[in-house]
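# Breakdown of the fold
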Protein chains: 2
Amino acid sequence: MTIDATHDPALQSWVESANSADTDFPVQNLPFGRFRSAAHEEWRIGVAIGDQVLDLRAAGLTDHADMNQLMGLAPNERRALRRSLSDGLRRGSAQEKAWQAALFAASTVELGLPCRIGDYTDFYIGIHHAATVGKLFRPDNPLLPNYKWVPIGYHGRASTILPSGHPFMRPQGQLKAADAAPRLAATQRLDFELEVGLFVGRGNRLGEPIPIASAEEHLFGIALFNDWSARDVQAWEYQPLGPFLSKNFASTVSPWIVTMEALAPYRRPLVRPEGDPQPLPYLDSEANRHAGAIDIELEVRLQSRLMRESGIPAQCISRSNFADAAYWTAAQLIAHHTVNGCALASGDLLGSGTLSGPHPEQAGSLLELTQGGKQPFGLPGGEVRSFLEDGDNVTLIGSCSRAGFRRIGFGRCEATVEPSWR
Amino acid sequence: MTIDATHDPALQSWVESANSADTDFPVQNLPFGRFRSAAHEEWRIGVAIGDQVLDLRAAGLTDHADMNQLMGLAPNERRALRRSLSDGLRRGSAQEKAWQAALFAASTVELGLPCRIGDYTDFYIGIHHAATVGKLFRPDNPLLPNYKWVPIGYHGRASTILPSGHPFMRPQGQLKAADAAPRLAATQRLDFELEVGLFVGRGNRLGEPIPIASAEEHLFGIALFNDWSARDVQAWEYQPLGPFLSKNFASTVSPWIVTMEALAPYRRPLVRPEGDPQPLPYLDSEANRHAGAIDIELEVRLQSRLMRESGIPAQCISRSNFADAAYWTAAQLIAHHTVNGCALASGDLLGSGTLSGPHPEQAGSLLELTQGGKQPFGLPGGEVRSFLEDGDNVTLIGSCSRAGFRRIGFGRCEATVEPSWR
């Protein structure tokens, strides 16, 4: 990935809030999403800049409002669009006057799903998560033999992916205690999963695999993703075909897609532990080894209803990092997903799987943090948690930092658990 | 389900081919699909009648061409539409003259996917298939403990569902021999799966389960479905999250959706073997026990390239029946899929899973017919098959018969295997 003038840390914007040290959206970021205002019911393509949203069509940068179409741009067109945005939003730009009219205060608009998600695949590339969860089920054989050869993934449900801020009801399902018949009840082991979501840019045609060398040309960018899970439903239903109702009641995605171009300064070598098998050739490339990983700091915050009502801020319950947690890279996921000829389309979502770090306090789910519920932890205000309670709000945040570069952030991916229906 | 005058076996149509004894599409059937002609590139809603297709909009029965919208009609509106079609197409109808201009010879039009498929779920309700396949993997424990409690299902990929007649290339994937490292190669164990596809009519809102009592109001109808599978890829990749690349390279669906109304005469009691657990209340209803099953005769035909080139007709390699093969009913699948609040949408597809009958020769896959490839069978012309070869064409057909009623059919669900890419 090329680091160019759009990443210059000295760049400032005429949108003053974008120059604040703590904004997620300085002019070096420029993530894409969809927004609408009370006055216009239709979704429009927006770019976050400080505490504002730039309407891309009103700014004259597209002639349509179809985010999926924009995501399908060729890489050189995407880079040209980024340069136009960077040029137009920088301090002293000739566009300032014209683009003022295309700005909306983020606090006044509704942010939706960033695009239409046709198909959603969830991977399982968090190796520490796979090992810890595997240990709960199979103490002597935590990682299955295919794990270091195959980027394990499965299909998820697209219709229940919700934009950040949309609450959901605690799901019901079949629960089975060890010595009792199954029964229908609200889940008692509701969990979050800390993930990132990779959005497909250009698709491919059926029967035409994407080689790893060009895999990143088919990636548009990355958002935060929470794959809510009902662990008790999952334990009873998941064999032999994998999780189903334990996952498809709701997933939450953050509103802004941080582009691969914006992430260029934060690339890292892919580290494979000594002794691990070399990836098969279709999953291996020089570029992928050198800079396939992406350094994204991740954090999970929990705020119970009691904390909210008592004015106690959300509590950080875990910190992790995409690069430390992931055994496979984004490029490897694209190459693997299409090696059988499977067709990807613009706007498709690839979840990473739970991104737990190597240490127990870096776990990306309560299942791991509380060891299957056996070790509850305390919250400020005196409550304890093993799994999520009604009224709990979980917020994922993410950011990229590197010496000599401006910090960029992902915004928030959050939702609150509502009580189940009767 | 109500049997009414539209099922009267004495009804004849002014479309003479619909009165032929061997048509799948007499006036008692009236299945829906999408078609287009060389003159009009856009898909239109059609109804099959004999060897003709009636353009629903041209006949004045809708004011749009959106099949998904039509599928979302309320049940009473759907029944009214069926009555209008039946009245207009019957011999002596006043519509004959006007509707002549809305008829297209089926042989001159292209039949597409019957609707936009948003989400696709594949179930696993063929109990004989589950037991036989389970035995290959776990000889002493073929059916897992959840099987008779949970209608096992998982998500599939919607983007690679192809209309009947569309060939696909043999996929590649990671293959792993017992004593060797995995390698990338074209699958050597390509298989079909004989399924039916249930199409969702009206959807439901997130967090609002569909009770079994009204589940069938949310079903539009049934088509034939072939869930092509690469068994060697599947064996290596499927743990712990289920099949992925072994399935998502292609699935084939037949062009005509036979409506639940058309299927009313062919309903059957649901038979649960003595000693099996009673379904949980959310999966049980009087109506479901009395008439939840549907008597659909199914057949699989295979024709190799050599047979085609030698003029040898396709060979029947298996016969089965939806009602005999399925442990769970369509209504139970809808109730189960939404019991956690999951939102279904018009046009969503629920695959039944492989519908093998109770006897070995009724198997719905080669995996079962050849016992994992160990017992190849012969084809007319002298070839043998354990799994599919390049050039093989697999055709699924289905029909419903009952004394005192007109036989109705499903048309064909077929595709030919092309060689893999290099």
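Only a predicted model underlies this, so the values are computations on that prediction, with no experimental measurement involved. (Residues numbered from 1 in each chain as written. Chains lettered and ligands numbered in written order. Predicted model: local features only at pLDDT ≥ 70, side-chain atom pairs only at ≥ 80, totals over all residues. Heavy atoms only, no water.)

## Describing the interface of chain A and chain B
- Between chain A and chain B, the residue contacts involve 57 residues of the former and 57 residues of the latter.
- In terms of surface lost to chain B, no three residues of chain A exceed A:His155, A:Leu241 and A:Phe244, which account for 15% of the buried area on that side.
- Inspection of the chain A/chain B interface yields four salt bridges.
- Residue B:Asp348 pairs with A:Arg157 through a salt bridge whose shortest N-O separation is 2.6 Å. (Contact = heavy atoms within 4.5 Å. Buried area = accessible area lost by both parts, 1.4 Å probe. Salt bridge = Lys/Arg side-chain N within 4 Å of Asp/Glu carboxyl O.)

## A few points about the relation of the copies chain A and chain B
- Relative to chain B, chain A is turned by 180 degrees and slid 0.0 Å along the rotation axis, the superposed coordinates differing by an RMSD of 0.0 Å. Read as a symmetry element, the transformation amounts to a two-fold axis. Considering only C-alpha atoms, the residue of chain A closest to the rotation axis is A:Gly242, which sits at 2.3 Å.
- Here 100% of the interface residues in chain A have copies in chain B that are interface residues too; the copies meet face to matching face. (Least-squares fit on C-alpha atoms with pLDDT ≥ 70 in both.)

## Structural notes on the sheet that holds strand S21 (residues 315-321) of chain A
Residue and element names in this part refer to chain A.
- Here we have five strands laid out as an open sheet, ordered S9-S26-S25-S20-S21, and mixed in their pairing. At either end of the open sheet lies a strand with only one pairing partner, and these are strand S9 (168-169) and S21.
- In terms of strand pairing, strand S20 (residues 297-303) meets strand S25 (residues 393-400) through seven bridges, oriented antiparallel. By the bridge assignment, Val300 is partnered in S25 with Leu396. (Pairing = 2+ DSSP bridges. Helix = DSSP H or I, 4+ residues; strand = E, 2+ residues; numbered from the N terminus.)

## As for the packing of aromatic side chains
- Applying the stated rule across the entire model yields 22 aromatic pairs over all chains.
- With a centroid separation of 5.6 Å and an interplanar angle of 65 degrees, the aromatic rings of A:Phe32 and A:Phe220 are classed as edge-to-face. With A:Phe32 in strand S1 (residues 32-37) and A:Phe220 in strand S14 (residues 219-226), the pair connects residues that are 188 residues apart, well separated along the chain. Of the two residues, A:Phe32 and A:Phe220, both sit in the buried class.
- Each ring, one from B:Tyr124 and one from B:Tyr147, has its centre 6.1 Å from the other, and the planes form 75 degrees; the classification is edge-to-face. Of the two residues, B:Tyr124 is situated in the loop between strand S6 (120-123) and helix H4 (127-137) and B:Tyr147 in the loop between H4 and strand S7 (153-156); the sequence distance between them amounts to 23 residues.
- For B:Tyr124, a relative accessible area of 13% translates into the label buried.
- According to the relative accessible area criterion, B:Tyr147 is buried, its value standing at 3%.
- One aromatic cluster in this structure is built from A:Tyr124, A:Tyr147, A:Tyr327 and A:Trp328. (Phe/Tyr/Trp six-rings, centres within 6.5 Å; stacked < 30°, edge-to-face > 60°. Buried < 20%, exposed > 50% of the residue type's maximum accessible area, 1.4 Å probe, protein only.)

## Topic: the confidence of the model for chain A
- Across chain A, pLDDT averages 97, with 100% of residues at or above 70.
- Across the whole predicted complex the pTM is 0.97, and at the interface the ipTM reaches 0.97. (pLDDT = per-residue confidence, 0-100.)

## A short note on the nonpolar core
- If you look at the biggest cluster of nonpolar residues, it comprises 162 residues, and the most contacted ones within it are A:Ile222, A:Phe322, B:Ile222 and B:Phe322.
- With residues up to four places along the chain from it excluded, the contact list for A:Ile222 reads A:Val196, A:Gly197, A:Leu198, A:Trp256, A:Ile257, A:Val258, A:Met260, A:Leu263, A:Ile294, A:Ile296, A:Phe322 and A:Phe410. (Core = buried A, V, L, I, M, F, W, Y, C linked by side-chain atoms within 4.5 Å.)

## Structural notes on the sheet that holds strand S5 (residues 110-111) of chain B
Residue and element names in this part refer to chain B.
- Reading across from one edge, S4-S3-S2-S1-S5 is the order of the five strands in this open sheet, with antiparallel pairing throughout. In this open sheet, the two edge strands, each paired with only one partner strand, are strand S4 (103-105) and S5.
- Of the strand pairs in this sheet, strand S1 (residues 32-37) and S5 are connected by two bridges, and their pairing is antiparallel. Considered in S5, the bridge of Phe35 is made with Leu111.

## Some points on the domain arrangement of chain A
Residue and element names in this part refer to chain A.
- When the domains of chain A are assigned, the result is domain 1 (5-111) and domain 2 (120-418).
- Inter-centroid distance (C-alpha atoms) of domain 1 to domain 2 is 28 Å.
- Taken together, the 33 residues of domain 1 in the interface contact 28 residues of domain 2.
- On inspection of domain 1 and its partner domain 2, the count reaches two salt bridges.
- Put simply, Asp24 and Arg407 hold a salt bridge, and the shortest N to O gap is 3.0 Å.
- Linking domain 1 to domain 2 there are 14 residue pairs in polar contact (both at pLDDT 80 or more).
- Of all the secondary structure elements, the ones that give two or more residues to the side of domain 1 that touches domain 2 are S1, strand S2 (40-49), helix H1 (67-71) and helix H2 (75-89).
- A class-by-class count of the residues in the side of domain 1 that touches domain 2 yields 18 nonpolar, ten polar and five charged. (Domains from an automatic or database assignment. Polar contact = N/O pair within 3.5 Å; in protein donor to acceptor, adjacent residues only side chain to side chain. Nonpolar A, V, L, I, M, F, W, Y, C, P; charged D, E, K, R; others polar.)

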